[in-house]
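Structural characterization, general
Residue-level listing of the chains:
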Amino acid sequence: MGGGHRLLLENARQVVLVCARGERFLARDALRSLAVLEGASLVVGTDGFIKAVGPADAIQKQFSEETFEERIDCSGKCILPGLVDAHSHPVWAGERVHEFAMKLAGATYMDIHQAGGGINFTVERTRQASEDELFSSFQQRLQCMMRAGTTLVECKSGYGLDLETELKMLRVIERARRELDIGISATYCGAHSVPKGKTAKEAADDIVNNHIPKLKELGRNGEIHVDNIDVFCEKGVFDLDSTRRILQSGKDTGLQINFHGDELHPMKAAELGAELGAQAISHLEEVSDEGIAAMATARCSAVLLPTTAYMLRLKQPRARKMLEEGVIVALGSDFNPNAYCFSMPMVMHLACVNMRMSMPEALAAATINAAYALGKSHSHGSLEVGKQGDLIIINSSRPHALCS
Ligand SMILES: N=CN[C@@H](CCC(=O)O)C(=O)O
Ligand SMILES: [Zn+2]
């Protein structure tokens with residue numbers, strides 16, 4: 001009698017591996033077609049990692065003596081890696097439905113922000129909410145994401161701005177990381193907006209002198225685990241100098257740089273990110289040609305957010321130009337009170353229609369490249385032996401059903 005395993009997925013019409021040679025990301029020609037097996041099976045071990053993937057008859061022979069806690073007949077279906085959402089703001093209190101009417105009436109994102117709404121509105125409500133209230137709504141949002149196929153999601157703080165509330169948000173994220181069945185990459189985003197009564201420089205001083213040292217201490221004690229540092233680098237929010245100071249300080253304590261840049265105005269955020277060794281920059285609707293070239297050279301991934309450009313009627317980020325220049329393009333939902341979308345399939349669909357990405361490009365951007373943006377593509381983002389057994393089964397013989 002052989003050993004026992006967690007799961008056998010048998011005889012799928014297609015298993016979309018995405019990549020099969022240990023690639024950490026896919027760019028340029030590698031995006032033309034993804035690695036796919038026809039008529040294949042996959043085995044997940046009791047430790048949750050993929051033990052085997054291959055032709056159905058070969059897997060049947062190899063595992064004929066072995067037992068499985070669960071077997072699923074996948075005839076006629078497709079298996080794909082779990083989707084990776086590389087950018088979300090899912091911890092907050094207070095709806096912003098009223099702002100939609102303002103936007104439809106012509107107000108821009110920054111009009112609302114400067115009038116004390118937008119992020120500032122959510123900050124007020126999030127400061128008032130208890131940790132349990134925040135956890136409960138966060139948990140429901142994560143469940144919606146999982147139902148739409150997301151198995152790894154980046155989750156930002158950033159609706160506290162003061163140390164106390166930022167830590168409250170990070171503890172909520174940490175609790176979810178420990179208790180729930182979804183992978184989480186935690187991002188400290190204390191520089192999401194300049195708090196009332198402070199200048200950007202004063203806010204940056206507070207972050208560098210007080211917030212980041214506290215994160216380091218709590219990380220050392222094992223109380224919270226933070227992966228990334230983020231700044232909203234934007235005209236009227238954090239300028240390039242303050243952004244640089246905050247990101248460098250985070251990097252010096254071991255955090256990966258992953259920040260908002262070149263969204264509403266050209267800020268040379270892409271050039272800065274490439275120079276600082278950022279793992280990822282999000283948005284990039286206003287990125288310069290030089291910024292695109294610098295990101296490609298630095299292997300700094302571009303996290304594109306189709307829901308934001310759609311919601312705010314912004315110009316679309318130049319996905320085609322980035323792809324042609326060899327930038328590692330990833331996708332995120334940008335789920336937040338202003339862009340209420342849990343669904344990565346919808347994000348992929350918008351990327352295809354509005355940003356003119358091909359379906360293989362969108363699928364790679366929502367799997368291996370999004371995992372790369374989070375520094376997790378060694379363990380996530382493709383169906384390869386030794387990787388996390390995070391996967392989805394769709395009731396279609398063609399994987400592109402997911403984003404069409
Ligand atoms: N641009 C900055 N941050 C978010 C929006 C957050 C909010 O409006 O609450 C974004 O990525 O779209
Ligand atoms: Zn964001």
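Residues numbered from 1 in each chain as written. Chains lettered and ligands numbered in written order. Predicted model: local features only at pLDDT ≥ 70, side-chain atom pairs only at ≥ 80, totals over all residues. Heavy atoms only, no water.

This model, assessed by the stated rule, comprises 7 aromatic pairs. Three or more aromatic residues link up through ring pairs in this structure, and these residues are W92, F335, Y340 and F342. Positioned above the aromatic ring of F135 is the side chain of R175, whose terminal nitrogen or guanidinium carbon lies 3.7 Å from the ring centre. (Phe/Tyr/Trp six-rings, centres within 6.5 Å; stacked < 30°, edge-to-face > 60°. Lys NZ or Arg CZ within 6 Å of the ring centre and 35° of its normal.)

Okay, the site of ligand 1 next. Ligand 1 sits among 16 residues. The nearest are R96, Y109, Y159, H283 and D334. Relative to its free-state accessible area of 330 Å², ligand 1 is covered by the protein chains to the extent of 100%. Taken together, the residues that form the shell around ligand 1 break down as 5 nonpolar, 8 polar and 3 charged. (Near = heavy atom within 4 Å. Areas by Shrake-Rupley, 256 points an atom, 1.4 Å probe, with all protein chains shown as cover. Nonpolar A, V, L, I, M, F, W, Y, C, P; charged D, E, K, R; others polar.)

Now for the coordination of the zinc ion (ligand 2). Coordination of the zinc ion (ligand 2) by the protein comes from H87 (NE2), H89 (NE2) and H260 (NE2), over a distance range of 2.0 to 2.1 Å. With 4 donor atoms in place around the zinc ion (ligand 2) and angles of 98 to 124° between them, the coordination shape is tetrahedral. Sequence positions of the donors to the zinc ion (ligand 2) reduce to the motif H-x1-H-x170-H. You can see H87 sitting in the loop between β6 (83-85) and α2 (97-104) and its partner H260 sitting in strand β10 (residues 256-261), a full 173 residues away along the chain. When sorted by exposure, H87 lands in the same class as H260, which is buried. (Donors = N, O, S within 2.8 Å, 3.2 Å for Na, K, Ca; no water. Tetrahedral: all angles 85-135°; square planar, octahedral: opposite > 155°, others 65-115°. Helix = DSSP H or I, 4+ residues; strand = E, 2+ residues; numbered from the N terminus. Buried < 20%, exposed > 50% of the residue type's maximum accessible area, 1.4 Å probe, protein only.)

Right, let's get into the UniProt feature "domain: Amidohydrolase-related" (unreviewed entry) in the chain. Residues annotated in UniProt with the feature "domain: Amidohydrolase-related" (unreviewed entry) correspond here to residues 79-395. Note that residues 79-395 is 46% helix and 15% strand, and that its end C-alpha atoms are spaced 9 Å apart. (UniProt positions renumbered as here; feature names shortened; annotations may be inferred.)

What follows deals with the pattern of salt bridges. For the coordinates displayed, the defined rule picks out 26 salt bridges. Of the charged contacts, one joins E361 and R320 as a salt bridge, the two residues approaching to 2.9 Å between their closest N and O atoms. Remark: R320 occurs in helix α12 (residues 319-325) and E361 occurs in helix α14 (residues 359-365); sequence separation between them is 41 residues. A relative accessible area of 11% means that E361 is categorised as buried. A network of salt bridges, in which partner residues are shared, links D132, R175 and E179. (Salt bridge = Lys/Arg side-chain N within 4 Å of Asp/Glu carboxyl O.)

As a further point, take the state of the cysteines. Per the stated rule, a full pass over the model turns up 0 disulfides. Residue C233 stays outside any disulfide, its sulfur separated by 12 Å from that of C189, the closest cysteine. For the unlinked cysteine C352, the closest cysteine sulfur is that of C403, found at 4.5 Å. By relative accessible area, which is 17% here, C352 ends up buried. (Disulfide = S-S within 2.5 Å.)

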